[in-house]
Amino acid sequence: MPWELTLPETLLHTSPGGLEQAAGAGACDPAMQNEAFAAFYSRSSRPLWAYLVRSSADPALADDLMQESYVRFLSAPGAPSLAADGETAARLYLFRIASNLLRDHWRRPRPASIEEVPEEFFSSRSDAAQTDSQILLEPALRQMKPRERQLLWLAHAEGYSHREIAKVMGLSSASIRLLLFRARRKIADLLRAPAATAALGRNS
Amino acid sequence: MKLTTCPHEKEVRQSIASGQWPAACPPELRAHVAACRACGDLVLISVAFREARAESLAAARPVPPALLLWRAQLRRRNAAVERIGRPLLGAQIFALATILAAAVAFAGFEAHRGVAWFTWSFWRDGLFSAASQWNHLNSGSLAALGWLLPITALATLALLGGAVVYLATEKQ
């Protein structure tokens with residue numbers, strides 16, 4: 001087991017003491033001190049995880065990429081600081097890191113065997129726990145391209161503007177507008193199709 | 001594909017974002033959404049994605065932030081160690097090159113003195129006479145050192161060279 005993975009007990013709990021101990025060594029940017037980071041993390045971690053899990057359809061991968069995104073965010077010398085640049089800029093930068101990590105993941109070869117597919121992928125398939133949005137949205141999202149899923153999530157779940165999405169995705173605003181328009185048409189058709197099928201079933 | 005946008009889209013978007021859709025919206029807007037394809041798509045997608053977002057936010061189990069701070073600290077420290085280690089590696093390579101140059105210079109000097117390093121007879125005669133020279137050495141004859149000295153020097157250089165190569169490659 002690598003020594004890096006053997007954590008001190010204090011770090012395994014969200015106690016303020018553990019936090020100070022971790023950040024107190026001065027490794028982080030002075031502007032990104034422990035309390036500021038903890039507050040930023042509590043506001044941004046869940047939306048980031050939601051973005052990653054809906055884009056990748058893999059909760060385990062979303063966990064890994066979320067942690068890696070924050071570690072890179074904290075380690076990057078050019079990352080925006082909360083005090084100077086504000087939380088919006090920091091959040092966009094974080095989403096950009098996560099998008100790049102997702103892109104890198106998709107560029108790598110796919111799992112070759114069934115053992116490598118995460119268990120959550122199968123365990124979340126039970127119909128009993130699925131809500132309306134999962135029943136309609138998940139099959140539709142699975143038919144979309146990864147980039148389309150990212151665009152739609154950023155626009156409609158996170159409510160980002162075209163300019164903000166362009167920053168996150170590393171594309172121009174004009175490209176985002178066109179890609180989003182197409183993706184919206186496509187998913188609307190996919191979402192309407194099961195509803196129309198169900199209506200026909202009820203009438204006949 | 002033609003990009004057609006509806007002038008009411010912004011209004012629809014705002015009403016969804018503020019949670020007014022559909023109950024707190026004016027009936028005209030609801031009627032417009034029912035008739036307009038672009039606004040209908042917008043409502044359908046936005047509502048579905050917002051519900052999915054709420055479900056995912058509830059399902060998220062983020063790790064303690066201290067863990068991430070600690071990992072980031074480790075990574076920065078490793079990067080710093082890597083930066084510091086670069087000149088050390090250069091010094092090790094320089095030491096190896098110096099030893100190799102010394103060995104080559106020594107061999108060249110011996111060859112210039114008339115020692116035929118690359119002939120079979122040199123090594124054969126040397127091995128056969130080693131025992132007798134050792135006896136001479138034991139009996140106190142310093143003349144025997146004439147042959148043993150270059151061999152000892154070469155062995156020392158080889159040993160030092162091996163140590164330097166080990167130190168240089170240890171990091172990898």
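Residues numbered from 1 in each chain as written. Chains lettered and ligands numbered in written order. Predicted model: local features only at pLDDT ≥ 70, side-chain atom pairs only at ≥ 80, totals over all residues.

(A) Inspection of the overall build of chain B at higher detail. Secondary structure summary: chain B contains six helices and zero strands in total. When the helices and strands of chain B are placed in sequence order, the string is α-α-α-α-α-α. Looking at chain B as a whole, 15% of its 172 residues qualify as buried. Taking all contacts inside chain B whose residues are at least 6 apart in sequence as the whole, residues at least 24 apart take part in 62%. (Helix = DSSP H or I, 4+ residues; strand = E, 2+ residues; numbered from the N terminus. Buried ≥ 20, exposed ≤ 12 C-beta atoms within 10 Å, placed from the backbone. Contact = placed C-beta atoms within 7 Å.)

(B) Fine view of the overall build of chain A. Secondary structure assignment for chain A yields 10 helices and zero strands. Each helix (α) and strand (β) of chain A, taken in turn from the N terminus, gives the series α-α-α-α-α-α-α-α-α-α. Looking at chain A residue by residue over its 204 residues, the buried ones come to 32%. The contacts in chain A between residues at least 6 apart in sequence include a share of 64% that link residues at least 24 apart.

(C) Summary view of the environment of A:Ala90. Residue and element names in this part refer to chain A. Among the structural elements, alanine 90 can be located in helix H5 (residues 87-107). Its 23 C-beta neighbours within 10 Å are what place alanine 90 among the buried residues. Sequence-distant contacts of alanine 90, that is, excluding residues within four places in its chain, are made with Phe40, Pro80, Leu82 and Asp85.

(D) Looking closely at the confidence of the model for chain A. All names here are of chain A. With 67% of its residues at a pLDDT of at least 70, chain A reaches an overall mean of 77. Counting contacts from residues 1-28, a segment whose pLDDT is below 50, to residues more than four positions away or on other chains yields 41 contacts. Note that pLDDT drops below 50 for residues 122-129; the model gives that stretch zero contacts with residues more than four away or on any other chain. (pLDDT = per-residue confidence, 0-100.)

(E) Broad picture of helix H9 (residues 162-169) of chain A. Residues and elements named next belong to chain A. Along H9, the positions that sit buried rather than exposed are Ile165, Val168 and Met169. The buried residues of H9 occupy one face: seen down the axis, they fall within an arc of 85 degrees. Where H9 terminates, the next one or two residues include glycine 170, which has phi positive at roughly 70 degrees. (Arc of directions from axis to C-beta.)

(F) Structural detail: helix H2 (residues 34-56) of chain A. In the structure, H2(A) departs most strongly from a straight axis at A:Ser44, where the bend amounts to approximately 40 degrees and where the proline A:Pro47 lies between one and four residues downstream. Downstream of H2(A) by a residue or two, A:Ala57 has a phi angle that is positive, lying close to 60 degrees. (Bend = angle between axes of the 7 residues up to and from the residue.)

(G) Region of the structure containing the packing of H2(A) against helix H8 (residues 146-157) of chain A. Residues and elements named next belong to chain A. Where H2 contacts H8, the axes come no closer than 9 Å and their chain directions differ by 150 degrees. When you trace H2 past H8, the crossing you get is right-handed. On H8, the residues touching Tyr51, Arg54 and Ser55 of H2 are Pro146, Arg149, Gln150 and Trp153. Residue composition of the contact of H2 with H8, by class: three nonpolar, two polar and two charged. (Axes fitted to C-alpha atoms, helices over the stretch in contact; angles between N-to-C directions. Left-handed = near helix turned anticlockwise from the far one by under 90°. Nonpolar A, V, L, I, M, F, W, Y, C, P; charged D, E, K, R; others polar.)

(H) Layout of the confidence of the model for chain B. All names here are of chain B. Per-residue confidence for chain B gives a mean pLDDT of 78, with 74% of residues at or over 70. Summarising per-element confidence for chain B, the mean pLDDT is lowest in helix H5 (residues 120-138) (63) and highest in helix H3 (residues 37-59) (91). With a pTM of 0.66, the predicted complex shows an ipTM of 0.72.

(I) Representation of unusual backbone geometry in the model. Along the chain, B:Trp21 connects to B:Pro22 via a cis peptide bond; the corresponding omega equals -5 degrees. With respect to the element layout, B:Pro22 can be found in the loop between helix H1 (9-17) and helix H2 (27-35). For A:Ala57, which is not glycine, the phi dihedral falls at a positive 60 degrees. Mapped onto the secondary structure, A:Ala57 falls in the loop between H2 and helix H3 (59-75).

(J) Broad picture of the environment of B:Arg53. Position of B:Arg53 among the secondary structure elements: in helix H3. When the 21 C-beta atoms within 10 Å are taken as the criterion, B:Arg53 is described as buried.

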